[in-house]
Each structure stands twice: as C-alpha cells, then as structure tokens.
Amino acid sequence: LKINLIKEVIKCMFNRGPDDNNWKVFNFGENNFLSFIHTRLSILDISTKGRQPFFYKDSCIIFNGEIYNYLELRNELKAKGYKFSTNTDTEVLLAAYEEYGLDCVKHFEGMWAFAIFDKKTNKLFLSRDRFGEKPLYFYKDNKKFIFASDTRAISIMLKKRLEVNQSYILNFLSSGFRSLFKKNETQFVNVLRVNPS
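Predicted model only: the values in this text are computed from it and were never measured. Chains are numbered independently. Their residues run from 1 in the order of the written sequence. Predicted model: local features are reported for residues with pLDDT of at least 70 only, side-chain atom pairs are reported and counted for 80 or more only, and whole-chain, interface and lining totals are derived from all residues. Computation of side-chain values: all heavy atoms of the structure, hydrogens and water removed.

Chemist: It is not clear to me how the packing of aromatic side chains should be interpreted in this structure. Could you clarify?
Modeler: Each Phe, Tyr or Trp ring, with Trp reduced to its six-membered ring, pairs with another whose centre is within 6.5 Å; inter-plane angles below 30 degrees give stacked pairs, above 60 give edge-to-face pairs, and intermediate values give tilted ones. Within this structure, the stated rule accounts for 12 aromatic pairs. Through a chain of ring-to-ring contacts, the aromatic side chains of Phe 26, Phe 28, Phe 36, Phe 55, Phe 117, Phe 138, Phe 145 and Phe 147 assemble into a single cluster. As a reminder, the over-ring test applies to NZ of lysine and CZ of arginine, requiring each to be within 6 Å of the ring centre and within 35 degrees of the ring normal. A cation over an aromatic ring shows up here: Lys 24 above the ring of Phe 26, its NZ or CZ 5.7 Å from the ring centre.

Chemist: Would you take a moment to explain the state of the cysteines for this structure?
Modeler: Put plainly, a disulfide is one covalent bond tying together the sulfur atoms of two cysteines. Disulfides are defined as pairs of cysteine sulfur atoms found within 2.5 Å of each other. The full count for this structure, using the stated rule, is zero disulfides. Unpaired in this structure, Cys 60 has its nearest cysteine sulfur neighbour in Cys 104, at a distance of 15 Å. Classification of residues uses two cut-offs on accessible area relative to the type maximum, computed with a 1.4 Å probe and protein chains only: under 20% is buried, over 50% is exposed, and between them is partly exposed. Owing to a relative accessible area of 0%, Cys 104 belongs among the buried residues under this scheme.

Chemist: What should I look at first to understand the pattern of salt bridges in this one?
Modeler: For side chains of opposite charge, pairing can occur when their charged atoms come near one another. Salt bridge, as used here, is a side-chain nitrogen of Lys or Arg placed within 4 Å of a carboxyl oxygen of Asp or Glu. Evaluated as defined, the whole model comprises six salt bridges. Between Glu 98 and Lys 120 there is a salt bridge, with its nearest N and O atoms 3.6 Å apart. Of this pair, Glu 98 sits in helix α3 (residues 89-100) while Lys 120 sits in the loop between β5 (110-118) and β6 (123-128), placing them 22 residues apart in sequence. Across the salt bridge formed by Asp 141 and Lys 144, the nearest N and O atoms sit 3.7 Å from each other. Several salt bridges share partner residues, and in doing so they unite Glu 98, Asp 118 and Lys 120 into one network. Put simply, DSSP H or I for four residues or longer makes a helix, DSSP E for two residues or longer makes a strand, and each gets a number counted from the N terminus.

Chemist: Can you walk me through the environment of Asp 58 in this structure?
Modeler: By secondary structure assignment, the location of Asp 58 is in the loop between β3 (54-56) and β4 (59-67). Considered as a pair, Asp 58 and Glu 98 are 40 residues apart in the sequence and their alpha carbons are 8.2 Å apart. In this description, contact between two residues means that some pair of their heavy atoms is separated by no more than 4.5 Å. Filtering out sequence-adjacent residues up to four positions away, Asp 58 remains in contact with Glu 98, Phe 117, Asp 118, Lys 119 and Lys 120.

Chemist: How do you make sense of the sheet that holds strand β8 (residues 145-148) when you look at a structure like this?
Modeler: Strands in a sheet are paired, the pairing made by backbone hydrogen bonds, and the direction either parallel or antiparallel. Strand order in the open sheet formed by three strands is β8-β7-β9, with antiparallel pairing between adjacent strands. Strands with a single pairing partner mark the edges of an open sheet, and in this sheet they are β8 and β9 (191-193). Sheet twist, expressed as the mean angle between neighbouring strand axes with direction ignored, is 25 degrees. Here three bridges tie strand β7 (residues 137-140) to β9, and the two strands are oriented antiparallel to one another. By definition, two strands form a pair when at least two bridges between them are found by DSSP. Between N-to-C directions, angles cover 0 to 180 degrees, with each direction set by a line fitted to C-alpha atoms, over the stretch in contact for helices.

Okay, structure coming up:
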C-alpha cells in the first residue's frame, strides 16, 4: 500500500478526527496485507498514549465512538488481572475482547464502530453498536476487502468513483427513510453496511 494513498485517506477523514492520525500495515506474504488507518478525535484521554491503531497483547484496534460504561468494565477487568496504561475506553474495549472474545460487545454500553485484528488467529472482527449510530461500510470482491467509516475512503482505496445504487435511491424516494435499513445495502453498488451488533 502506497504512502500517498494512505495520506489521501487520512485527508478525506480529517473532519472526523482532526487531533491525530496514524496507520499500521500488516503484511501476509508478497501481495496480501491489512491496513489500519485512523484519524482521532481525542476526548477521554488526549495524550498520545491513546493513539490508534492501538495494540493490547495480541490484538490491534481502530475504534470510533465511546463506551459509556468503560470505567465499570475497566474495574471488572482489573479484578481479573488486566493492567492498563491509558485512561482510554479504547484500551478497555480491546482488553474486553481479550477476555470475552466476540462476546465482548454484550458487555458494552455506548456507540461504536471498530475493527480488531487478532494476531493470534489472523482474523478481523468488525462491529457496530446495536443501534447503528456509528457508520461502518465495506466493499468486497474476489481480490480485496475494504472497510471504512466513510464511503469516500473506500472510493479512494479503489481508485475510482463509486457507482450509485439506483434501486436504493428509488426505494428511498418511493417508500421513505425507514425502508432503507431493512437490508445492509447503501447508496453505492457493492458497498454494504456492517449490521449493528
């Protein structure tokens, strides 16, 4: 993945997170890789310790949102022996994943969209809050899988304009706003919405 492409993605996401940005590329052989690109809006811990992508034990996360009960979760995890080096809900979220696996989302109260790469299993876990407040989209074909909280980033990674999903637009015009969330399709062809957890 070229640095200029990463910088273009960061630029398009700047309004979502103007306080900091960073990225990490995980390589799996010659042509296979996973890129985590993040722009940060610092709220709970404004120090650089909360910079993302964030690593905890064998996992890495990029996260948008807020876990409202993170202090309670932090105390529960501390009682189980977990140690924390920041005051972020990001670190608590990732420690909860280490403890509970995919069921970690059952312990969260809040709004979120996150991606966790588990280095032990080489698996990617995407999640949105149960009300779908935070956006998370993905594009998939036989060569690539791209996910982002903004469809513009997907367009940049594909190096092409996204095709408008005419049936989605027509459905909205004929049936109204509530008809849009019965499927995970979006206003762009082959760009889908991650379903709420």
